[in-house]
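Results of the structural survey
Here is what each chain is made of, one letter per residue.
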Amino acid sequence: MMRFSVFTYAAIGFAVLAAGAIVLPDWAMFLFAMALAKGLVCLGIVGMMRGGVVSFGQGLYYCLGAYTATLAANFLGVSDIFLLTLLSAAVCLLVGLVFGPLLSSYRGIFFAMLSLALSMVLYGSLSKMSFIGGTDGLNIGAPTFLGWAPEGRPLQTALYLYVVAIVVISGTLMRIYFDSEQGLITLATRDNELRVEYLGASVRNIMAYNYVFGALLGGIGGTIAAVALGHVDPEFAFWTTSGEFVFVAILAGYLSVPSVFVAAIILEMVRSFSNLYFPNTWQLALGIFLLIVIVALPGGLGSLVSRRKGDPT
Amino acid sequence: MSKGVLEVHGVQKTFGAVTAAKDISVSVPQGSIYSLIGSNGAGKTTFVNMVTGYIKPDAGTINFGGRNIAGLPPRQITRLGIHRSFQIAQLCNELSVEENMLVAGSIHGKSRPSFLRRSDDPQARERAMATLEQFNIAEHRHRLIPELSGGVKKLLDIAMAMAGETQIMLLDEPTSGVAADEKFPIMDLVINALRDEGVTVIFVEHDMDIVNRYSERVLAFYDGQIIADDTPDLVLSDTEVQRYVTGAPA
């Protein structure tokens, strides 16, 4: 069977997603942009899942990225989306570099709860900071694209294409990482830390790398979400937001990169339509949906296309 | 006596009220094959665990390559060239045999493991295959670990431990959990492979036929102490060893 390179898949993925800019109505383009932005955050969780841990606190970086972009726009006058993304990524990278080594010695529920605690500390702090909006949050104006300031449909299209480009680049890089020597060592760590240590690798370093990558992706996702929504508030760091990311990561499994974004889109669709048709029971619909996926596909959606089988943890 | 590649002096270890190692001293010459014998709880695995960094000794020194390695973490000791296999083979069950070898090869490669280089590039696979062939387990390369027999698991565990520059190999009960008719073929394979590479071998063993056949020197442990340190013939015929370890006349 012919084996395509990761770049061929990336080009196909870009073409398919970019076609959405032509065929999707405004509401769907917004929904897809938000789903893809959240998918980036979930991709970070999937990176950690491959090492055997699940972060319940990715809302920390989602929120931090969103607030960094919003504060840079409101207080420094930065409107260029590339610059906003870079700034947020840098801040999240720095914070990830601080917390990554600290959390890397924890596993299982301790890692999950500590990561959750950090995001809740941010939530609590932002809620009390009235000078940056407190619980009401802040608005962020429309972004510019290298000096171009579109409005209306062109703005939405440009933003959507920007998200698609970021998703394809991030997804490609993560796929390359997953297939690399370090990626395989991460999978081995998930399976048997003792063996990895006795082969001479540092399991803590591996965990820290994955956490930092997750922080970076979380920050970028948060920036895009803030710009797409035009608003940011402390709920970005609330535990239910982090839980949603974990939901998507479990739905996707750790085997395939595209499945993360497919899962994110499915979640947004199920939520939107459930909310529309069953406004009081949409969480129930989501729960049933997740239950069906876990029972039918324990390795997540990714196990449908991967030769490797895995469990969802 | 010439200076050994591994010099252990006055090593002690207690776990609560239990003393697992009492003033252990031994000098292991380069390229030799030592076996450690003793009943359960005599201190053999504690000795292996202290040398490989799993347990930090309470006192004493473990000198290797001119430095005291006592208390260093396992990965640092491994990088220095002291590798080990386990009583229960430590493998990655969700990966195939070949992928397990690729993990070992990636960590022990000439350069640090890469974030970009594919783990299964042709050169890496070739190296992995060469090792699997050396241990006669290449035919299992696509199988997952739970599908393997105890003997193949043991061989893979040792093959993984041998990746990289091994100077000393510690084998913790290399034939435990292995079918009786597989024990000698496995030991032949392992000892020949290690001898070819000039590796110093220290193995823990309960089967005295294997001890007698493969080791050049035997350390008999009892109650956390070394009660005999000599050639297999002399140690196995020692009355104290017969009384406390083998339980049988020579």
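Residues numbered from 1 in each chain as written. Chains lettered and ligands numbered in written order. Predicted model: local features only at pLDDT ≥ 70, side-chain atom pairs only at ≥ 80, totals over all residues. Heavy atoms only, no water.

**Focus: the overall build of chain B**
What counts here: Numbering of helices and strands runs from the N terminus, with a helix taken as a DSSP run of H or I at least four residues long and a strand as a DSSP run of E at least two residues long. In this description the radius of gyration comes from C-alpha coordinates, and the expected globular size is given by 2.2 Å times residues to the power 0.38. The rule is simple: take the accessible area with a 1.4 Å probe, protein chains only, and divide by the maximum for that residue type; under 20% is buried, over 50% is exposed, in between is partly exposed. Residues count as neighbours in contact if any of their non-hydrogen atoms are within 4.5 Å of one another. His is not counted, nor are the chain ends; Lys and Arg add positive charge and Asp and Glu add negative charge. Just so you know, the charge point we use is NZ for Lys, CZ for Arg, CG for Asp and CD for Glu.
Helix and strand counts for chain B come out as nine helices and ten strands. Here chain B has a C-alpha radius of gyration of 18 Å; the compact-globule value for 250 residues is 18 Å, and the two agree. Relative to its full complement of 250 residues, chain B shows a buried share of 52%. Partitioning the intrachain contacts of chain B with sequence separation of at least 6 by distance along the chain shows that 66% fall at a separation of at least 24. Here chain B contributes 24 positively and 31 negatively charged side chains, and the mean placements of these two sets differ by 8 Å.

**Overview of the pairing of strand β8 (residues 200–204) of chain B**
All names here are of chain B. The cut-off we apply is this: For two strands to count as paired, DSSP must find a minimum of two bridges between them. Here a crossover is taken to be right-handed if, once the strands point away from the viewer, the path from the first strand over the helix to the second is traced clockwise.
In terms of burial, β8 is a largely internal element, five of the five residues being buried. Because side chains alternate across β8, one face comprises the buried residues Thr200, Ile202 and Val204, and the other comprises Val201 and Phe203, equally buried. One ladder, built from five bridges, connects strand β7 (residues 168–172) with β8; its direction is parallel. Along β8, the bridge assignment pairs Leu170 with Ile202. Between β7 and its parallel partner β8, the chain crosses via helix α6 (residues 180–196), and the hand of that crossover is right-handed.

**Brief notes about unusual backbone geometry**
Residue and element names in this part refer to chain B. With a phi angle near 50°, Glu173 is a residue other than glycine that sits in the positive phi range. Assignment of secondary structure puts Glu173 in the loop between β7 and α6. Classification of Glu173 by relative accessible area gives buried; the value is 10%. Even without a glycine there, the phi angle at Asp223 is positive, about 50°. For Asp223, the position within the fold is in the loop between β9 (217–222) and β10 (225–230). A relative accessible area of 39% means that Asp223 is categorised as partly exposed.

**Details of the interface of chain B and chain A**
Applied cut-off: Two parts placed together each lose some accessible area under a 1.4 Å probe, and the buried area is that loss summed for both. Think of a salt bridge as a Lys or Arg side-chain nitrogen and an Asp or Glu carboxyl oxygen that are within 4 Å of each other. In protein, a polar contact requires one atom able to donate a hydrogen and another able to accept it; more generally it is a pair of N or O atoms within 3.5 Å, and residues adjacent in sequence count only if both atoms are side-chain atoms.
Every contact between the two is made by 34 residues of chain B and, on the other side, 29 residues of chain A. Here chain B and chain A share an interface that buries about 3000 Å² over both sides, 55% of which is from carbon and sulfur atoms. Broken down residue by residue, the surface that chain B buries against chain A is led by Arg75(B), Glu94(B) and Phe115(B), which jointly contribute 24%. The tally of links between chain B and chain A comes to five salt bridges. One salt bridge in this structure joins Arg118(B) and Asp179(A), with 3.6 Å as the shortest N-O distance. Counting across the interface, chain B meets chain A through 20 residue pairs in polar contact (both at pLDDT 80 or more).

**Regarding the side chain of Ser35(B)**
All names here are of chain B. Summarising the element assignment, Ser35 is placed in strand β3 (residues 33–37). In terms of polar contacts, Ser35 uses its side chain to reach the side chain of Ser215, at 3.1 Å. Discounting chain neighbours no more than four positions away, the residues touching Ser35 are Phe203, Val211, Ser215, Arg217, Val218 and Leu219.

**Structural notes on the pairing of β10(B)**
All names here are of chain B. Two elements, β9 and β10, share five bridges in a ladder whose sense is antiparallel. Across the sheet, Phe221 pairs through a bridge with Ile226, a residue of β10. In this antiparallel pair of consecutive strands, β9 and β10, the connection spans two residues, and Asp223 shows a positive phi of 50°.

**Some details on helix α9 (residues 239–246) of chain B**
Residue and element names in this part refer to chain B. Just so we agree on the cut-off: Directions from the helix axis toward the C-beta atoms define the arc.
Those residues of α9 that sit buried are Val241, Gln242 and Val245. Summarising the axial view, the buried residues of α9 lie within an arc of 105°, below the 170-degree limit, and thus occupy one face. Among the exposed residues of α9, those pointing more than 90 degrees away from its buried face are Thr239 and Arg243. Buried residues along α9 sit against β3, β9, β10 and α8 (232–236). N-capping of α9 is provided by Asp238, with a side-chain oxygen placed 2.8 Å from the backbone N of Glu240. Downstream of α9 by one or two residues, Gly247 has phi in the positive range, about 70°.

**Let's talk about helix α4 (residues 81–103) of chain A**
Residues and elements named next belong to chain A. The cut-off we apply is this: Each helix should span, by expectation, one fewer than its residue count multiplied by 1.5 Å. Note that the bend at a residue is defined as the angle between axes fitted to the seven residues ending at it and the seven residues starting at it.
Over its 23 residues, α4 runs 31 Å from end to end, which matches the ideal 33 Å to within 8%, given 1.5 Å per residue. The largest bend along α4 measures about 30° and falls at Leu97, with the proline Pro101 one to four residues further on. Of all the residues in α4, the buried ones are Ile81, Leu84, Thr85, Ser88, Ala89, Cys92, Gly96, Gly100 and Leu103. Residues of α4 that are buried make contact with α3 (59–75), α5 (108–128), α6 (152–179) and α9 (203–229). Its side-chain oxygen 3.0 Å from the backbone nitrogen of Phe82, Asp80 forms the N-cap of α4.

**Observations regarding the sheet that holds strand β1 (residues 6–15) of chain B**
Residues and elements named next belong to chain B. Short version of the rule: The angle between two axes is taken between their N-to-C directions and runs from 0 to 180 degrees, where each axis is a line fitted to C-alpha atoms and a helix contributes only its stretch in contact.
One open sheet accounts for four strands, arranged β2-β1-β4-β5; its pairing is antiparallel. Edge positions in the sheet fall to β2 (18–28) and β5 (67–68), since each has one partner strand and no second. Pairing analysis gives seven bridges linking β1 to β2, with the strands arranged antiparallel. Across the sheet, the residue bridging to Thr14 is Thr19, located in β2. Packed onto the sheet, helix α1 (residues 44–51) meets β1, β2 and β4 (59–64) and runs at close to 115° relative to β1.

**Let's talk about the side chain of Lys13(B)**
Structurally, the position occupied by Lys13(B) is in strand β1. Look past the residues within four positions of Lys13(B) in its chain and what remains in contact with it is Val18(B), Thr19(B), Ala20(B), Ala21(B), Thr46(B), Met50(B), Ile55(B), Lys56(B), Pro57(B) and Asp58(B).

**Section: the pattern of salt bridges**
Residues and elements named next belong to chain A. Under the definition given, this model contains 21 salt bridges over all chains. In this structure, Glu193 engages Arg107 in a salt bridge whose closest nitrogen and oxygen atoms are separated by 2.4 Å. Taken together, the residues Glu193 in helix α8 (residues 193–199) and Arg107 in the loop between α4 and α5 connect sequence positions 86 residues apart. For Glu193, a relative accessible area of 29% puts it in the partly exposed group.

**A closer look at the sheet that holds β10(B)**
Sheets are built from strands paired through backbone hydrogen bonds, the pairs being either parallel or antiparallel. Residue and element names in this part refer to chain B. Ordered by their spatial adjacency, six strands build an open sheet running β6-β7-β8-β3-β9-β10, and the pairing between neighbours is mixed. Pairing within the sheet leaves two strands with one partner each, and these edge strands are β6 (82–85) and β10. For this sheet, the mean inter-axis angle between neighbouring strands, taken without regard to orientation, is 20°. Where β3 meets β9, four bridges bridge the pair, whose relative direction is parallel. The partner of Tyr34 across the bridge, within β9, is Arg217.

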